[in-house]
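# Reading the structure
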2 protein chains.
Amino acid sequence: MKILLATVTASVIATAALAADPVPADLRATALDIFKPLPSTYPAVSDNPITPEKIDLGKALFFDPRLSASGVFSCNSCHNLATGGDDNLETSIGHGWQKGPRNSPTALNAVFNEAQFWDGRAEDLKAQAKGPIQAGVEMANTPNQVVATLKSMPKYVEWFTAAFPGEADPVTFDNMAKAIEAFEATLITPAAFDAYLNGDEGAMTVEQKEGLALFIDKGCASCHSGINLGGNGYYPFGLIEKPGAEVLPENDKGRFAVTATADDSYVFRAAPLRNVTLTAPYFHSGKVWNLKQAVAIMGTSQLGEDLADADVDRIVAFLGTLEGRMPDVVYPVLPAETDDTPLPSGEIK
Amino acid sequence: MKILLATVTASVIATAALAADPVPADLRATALDIFKPLPSTYPAVSDNPITPEKIDLGKALFFDPRLSASGVFSCNSCHNLATGGDDNLETSIGHGWQKGPRNSPTALNAVFNEAQFWDGRAEDLKAQAKGPIQAGVEMANTPNQVVATLKSMPKYVEWFTAAFPGEADPVTFDNMAKAIEAFEATLITPAAFDAYLNGDEGAMTVEQKEGLALFIDKGCASCHSGINLGGNGYYPFGLIEKPGAEVLPENDKGRFAVTATADDSYVFRAAPLRNVTLTAPYFHSGKVWNLKQAVAIMGTSQLGEDLADADVDRIVAFLGTLEGRMPDVVYPVLPAETDDTPLPSGEIK
C-alpha cells in the first residue's frame, strides 16, 4: 500500500513536471524576430579594420602578463578562454590581491554587445581594453609604462608596424587596444541555438524548445534579446522586486555612476547569455553560483513571478543551447624582454 | 685630427674585441663528448607511460587555475609557455600576493633534468608537480581539495579514465601529477645548437662557435653539460668566490635544506641553460636581469676569472644558440564547474 501510494505520488509529480504548453509551430519564426544567429564571419568594428596581422598581435597582447605592472596578470587572467572567457570568481583578484568590484564578464562574443562593462561605460572593446590595464585593483599599469614595455621588445615593434602599416609611431596605447579588439572580434562561439535559428529544427530538443518558448512568453527575452541575448540595453536589477543585499549590494549603484541620473540607480546592462552555462558565478555581484537559482531570482526580481521549478529547468535547458564551440587558439609565443624592458613591480601602489 | 684619432681608437678596440683563438677543427667532436642534442621524440619517463590521452589531460591540468585554492594560479602562471616557460619575475607571486623564495625555473625541457627544483628535492616532474600546488605561498591547495575539484567535473573524470585505463579510481592526486609530467615531457625546444651537434656546421656562426669553445675551455661546461647544459649536478654557488648577498642571499642555503649536510651549504643544481636568453632574471635569487652580467658573475664566482668583455659576448652569443623552437600548444578548453565543485577561496590561509 505504502509502495503503491509512493508510486501514485511520483506519477502525479512527474505529470506536473511534464505539463508544458506544446511548442508553438511558429516558435522559430518568433525567435528570429527577437534573436539573431551569430554570423559566419567575424564582424567589422568601428574605426578599426581587422587584419590577420592585427589579430595575431592582439592575441599576443591578450595573453601577455607584462601589460600589468606586476607582470602577473594578462587580459586572459580574468577573461580566460579556457574557462568560458571569464575567471569563475565572484569578483576578480587583481594587483596586490585586491578584489575587483564586479564579476568579470566573458570576452567571448563580447564584440556583439552594444557597450562594454556591467554599466556600459565603454562604448566598444577598444575602449574597454584600456580600463583593466590601468585599474589599480586589476593590472595597475599606466599607458606610458605599457608603451615603454612594448617598445623595448623589437619583435613587438615589428608586429605593431605590420598591424598598423604606414603609421610613423605604431606602438601606442590606442593601437594596443585596437589590436586586442581585433583579436576579441574573432572570439565567436556558434552554438546549437544558432543552428536552430539557421533552420536546423533538430538542433534543439523538445525540452530546450519549451524553454525557449517560456523564455519568450515569460518576458526574459524583453531584456535578453538580439544576437547575444542581452548586452544591448540597461534595466534596473529588481525591476519588480529588489533582491536582497546579498545579491544586490547596496553600495554598487550600477549605471548611476556613469550617468549620475537617479533613474539609473541599480541599473545594469542586461547580461549577454551566450555560454552562460560556463560563466558562473552570476550577476554583477557574482554572488549566485547556480544557474537555476539565478533564473529563479530573475523571475521574482524582473518578472514578478515565482517560476515553477520545472519551468526553470526548461529555461536552463534552453540556455544550454547557447554554449558554443570555443575558438581554436594557438597559445602565443611572446617576445623576450630586453635590457630596456621596465622591471615588473610587485608593490601595491 | 680628432676624427682620425677616434677612428684609430675604434679600430684598436675592434681588433682587441676580435682577438679570439681560432675555432678548433675538432670543436664539434669535443662538444659531442660533453653535450647531447635533444632527441627527435619525447623521452620515456619512469613509471609513467606517455600516451596521447595523458598528454591532453596533462595540458588541461597544466593550464587549469582551479588547481589552486584561489582559482587564480595554474602551473602555467609561473611556468608560462608564452614566455620561455617561466614568469620573468625575480621570484613568483603566489597565493595572497606572497612572494616565493626562489626564481621559477623553466618547464621547457625540464624532463631532461636529473632532478627538479633549485635544490633537486624532487626526483622527477611528477614529484615536482605536487609541490607548488600545495605550497602555501604558491597555489595553497590540498590534494583532497584538488581531487574533489576534479571529480566534480564529469569531463575530467572521463579524461582521467581514458588516460589511466583499467584503474578503479583514476582521479587521484598522483595521477594528476603523472598527467602533468606526460604533458611536460612534450615541451621540448630543438635549437640551432642541436642542429650543430647533429652535424650542421652552418647552424652556428663563427662568433657562436668561439663562444662554445670558450664555454668549454674556461670550464663552464664542467657543470653545465649534458642534454640540458646543466640540471644534472649540484655545485656550491661561489665555488671560488662567494658573490655578494644581493645575489646570494644568506638565508637560502640551497641543498643544505634537503641533505642537512654542511658541505651542501649554498649548493644548488647547476641551472639548465636551454632558452636561457628567454628566462631572465637569473640565479635562484632572480636578482640578475642581464645575461652578460650573469655570465660575468659565473666567471668570478665559479671559475675565479674576470672574463674579458669580448669573451662574455661570445659566450652569450653561444647561449643564444640554445633558444629553441617553442612547442605548438593549442590552448585547452577546460570542463565547466558543477554544483559539486568546491568554491575558490581568495583567503590567505
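Since this is a predicted model, take the numbers as computed values, not measurements.

### Some points on the relation of the copies chain A and chain B
Each copy of the sequence occupies a distinct position, and chain A is placed on chain B by a rotation of 180° and an axial shift of 0.0 Å, giving an RMSD of 0.0 Å. Between the two chains, the operation in question is that of a two-fold axis. Across chain A, the rotation axis passes nearest the C-alpha of A:V330, at a separation of 2.1 Å. Of the interface residues in chain A, 100% have counterparts in chain B that sit at the interface too, so the contact is made through matching surfaces.

### Quick look at the interface of chain A and chain B
Between chain A and chain B, the residue contacts involve 37 residues of the former and 37 residues of the latter. Together, the buried faces of chain A and chain B total about 3,000 Å²; carbon and sulfur atoms form 67% of this surface. Across the contact surface, chain A and chain B share zero salt bridges. Joining chain A to chain B, the criterion identifies 12 residue pairs in polar contact (both at pLDDT 80 or more). Broken down by class, the residue content of the side of chain A that touches chain B amounts to 22 nonpolar, 12 polar and three charged.

### Regarding the packing of helix α10 (residues 206-217) of chain A against helix α14 (residues 309-320) of chain A
Residue and element names in this part refer to chain A. The contact between α10 and α14 brings their axes to 7 Å, and the two run at 105°. The angle between α10 and α14 places the two elements in the roughly perpendicular class. Contact with α10, carried on its side by E207, Q208, E210, G211, L212, L214 and F215, involves D311, D313, R314, I315, A317, F318 and L319 of α14 and no other residues of that element. The class makeup of the residues in the contact of α10 with α14 is seven nonpolar, two polar and five charged.

### Quick word on the UniProt feature "binding site: heme c 2" (unreviewed entry) in chain A
Residue and element names in this part refer to chain A. Following the UniProt record, one finds the feature "binding site: heme c 2" (unreviewed entry) at C220, C223, H224 and M298. Separation in sequence by 79 residues is not matched in space for these annotated residues, since their most distant C-alpha atoms are only 11.3 Å apart. When you line up the elements, H224 lands in the loop between α11 (220-223) and β3 (234-236). Here H224 falls in the buried class, since its relative accessible area comes to 11%. With residues near it in sequence (within four places) discarded, H224 still touches F35, F215, L229, G230, A270, A271, L273 and M298. Note that M298 resides in helix α13 (residues 291-303). M298 sits in the partly exposed class, given a relative accessible area of 23%. Once residues within four sequence positions are removed from consideration, M298 is found in contact with H224, F237, F283 and L303.

### Side note on the confidence of the model for chain A
Residues and elements named next belong to chain A. Across chain A, pLDDT averages 93, with 93% of residues at or above 70. Under a pLDDT of 50 for its full length, residues 1-16 has, in the predicted model, zero contacts with residues more than four places off or in other chains. Across the predicted assembly, pTM comes out at 0.92 and ipTM at 0.91.

### Examining the nonpolar core
The tendency in soluble globular proteins is for nonpolar side chains to be buried side by side. Membership of the largest hydrophobic core comes to 104 residues, with the highest contact counts inside it found for A:L61, A:M176, B:L61 and B:M176. In this structure A:M176 touches A:L61, A:L67, A:I133, A:V146, A:L150 and A:F160, once residues within four positions along its chain are discounted. A:I216, A:L291, A:A294 and A:V312 belong to the second largest nonpolar core, which has 39 residues in total.

### Some points on the pattern of salt bridges
With the rule as written, the count across this model stands at 44 salt bridges over all chains. Across the pair A:R66 and A:D64 runs a salt bridge whose closest N-O atoms are separated by 2.8 Å. Among the residues examined, A:D64 registers a relative accessible area of 1% and is labelled buried. For the salt bridge of B:R121 with B:D119, the shortest nitrogen-to-oxygen distance reads 3.1 Å. Since its relative accessible area comes to 49%, B:R121 is described here as partly exposed. The buried category is assigned to B:D119, whose relative accessible area is 3%. Through salt bridges that share partners, A:R102, A:D119, A:R121 and A:D252 make up one connected network.

### Quick notes on the side chain of B:T91
All names here are of chain B. Here T91 shows up in the loop between α4 (75-78) and β1 (93-94). Judged by its relative accessible area of 7%, T91 is buried. Among residues more than four places away in sequence, those in contact with T91 are K99, G100, P101, R102, N103 and S285.

### Focus: the domain arrangement of chain A
Residues and elements named next belong to chain A. Once the domains are mapped, chain A shows domain 1 (26-39 + 189-321) and domain 2 (52-185). Just the C-alpha atoms count here: the centres of domain 1 and domain 2 sit 27 Å apart. Contact residues are listed per partner, giving 29 residues for domain 1 and 25 residues for domain 2. The junction of domain 1 with domain 2 conceals about 2,100 Å² of combined surface from both sides, 50% of it contributed by carbon and sulfur atoms. In terms of surface lost to domain 2, no three residues of domain 1 exceed N228, R269 and H284, which account for 24% of the buried area on that side.

### Details of the environment of A:F268
Residues and elements named next belong to chain A. Within the secondary structure, F268 is located in strand β4 (residues 267-269). Taking the C-alpha atoms as reference, F268 lies 5.8 Å from R255; in sequence the two are 13 residues apart. Setting aside residues no more than four positions away along its own chain, F268 makes contact with R102, W118, G233, Y234, Y235, F237, L248, D252, K253, G254 and H284.

### Things to note about the environment of A:M326
The residue A:M326 is located in the segment after α14 in this model. Sequence-distant contacts of A:M326, that is, excluding residues within four places in its chain, are made with A:L108, A:T189, A:N275, A:L278 and B:V333.

### Quick notes on the environment of B:K155
Residue and element names in this part refer to chain B. For K155, the position within the fold is in helix α7 (residues 154-163). On the accessibility criterion, K155 (39% relative accessible area) is partly exposed. Distance from K155 to P335, taken between C-alpha atoms, is 5.8 Å for residues 180 residues apart in sequence.

Reading the values: the criteria
Residues numbered from 1 in each chain as written. Chains lettered and ligands numbered in written order. Predicted model: local features only at pLDDT ≥ 70, side-chain atom pairs only at ≥ 80, totals over all residues. Heavy atoms only, no water. Least-squares fit on C-alpha atoms with pLDDT ≥ 70 in both. Contact = heavy atoms within 4.5 Å. Buried area = accessible area lost by both parts, 1.4 Å probe. Salt bridge = Lys/Arg side-chain N within 4 Å of Asp/Glu carboxyl O. Polar contact = N/O pair within 3.5 Å; in protein donor to acceptor, adjacent residues only side chain to side chain. Nonpolar A, V, L, I, M, F, W, Y, C, P; charged D, E, K, R; others polar. Axes fitted to C-alpha atoms, helices over the stretch in contact; angles between N-to-C directions. Helix = DSSP H or I, 4+ residues; strand = E, 2+ residues; numbered from the N terminus. Parallel < 35°, antiparallel > 145°, perpendicular 65-115°, else oblique. UniProt positions renumbered as here; feature names shortened; annotations may be inferred. Buried < 20%, exposed > 50% of the residue type's maximum accessible area, 1.4 Å probe, protein only. pLDDT = per-residue confidence, 0-100. Core = buried A, V, L, I, M, F, W, Y, C linked by side-chain atoms within 4.5 Å. Domains from an automatic or database assignment.

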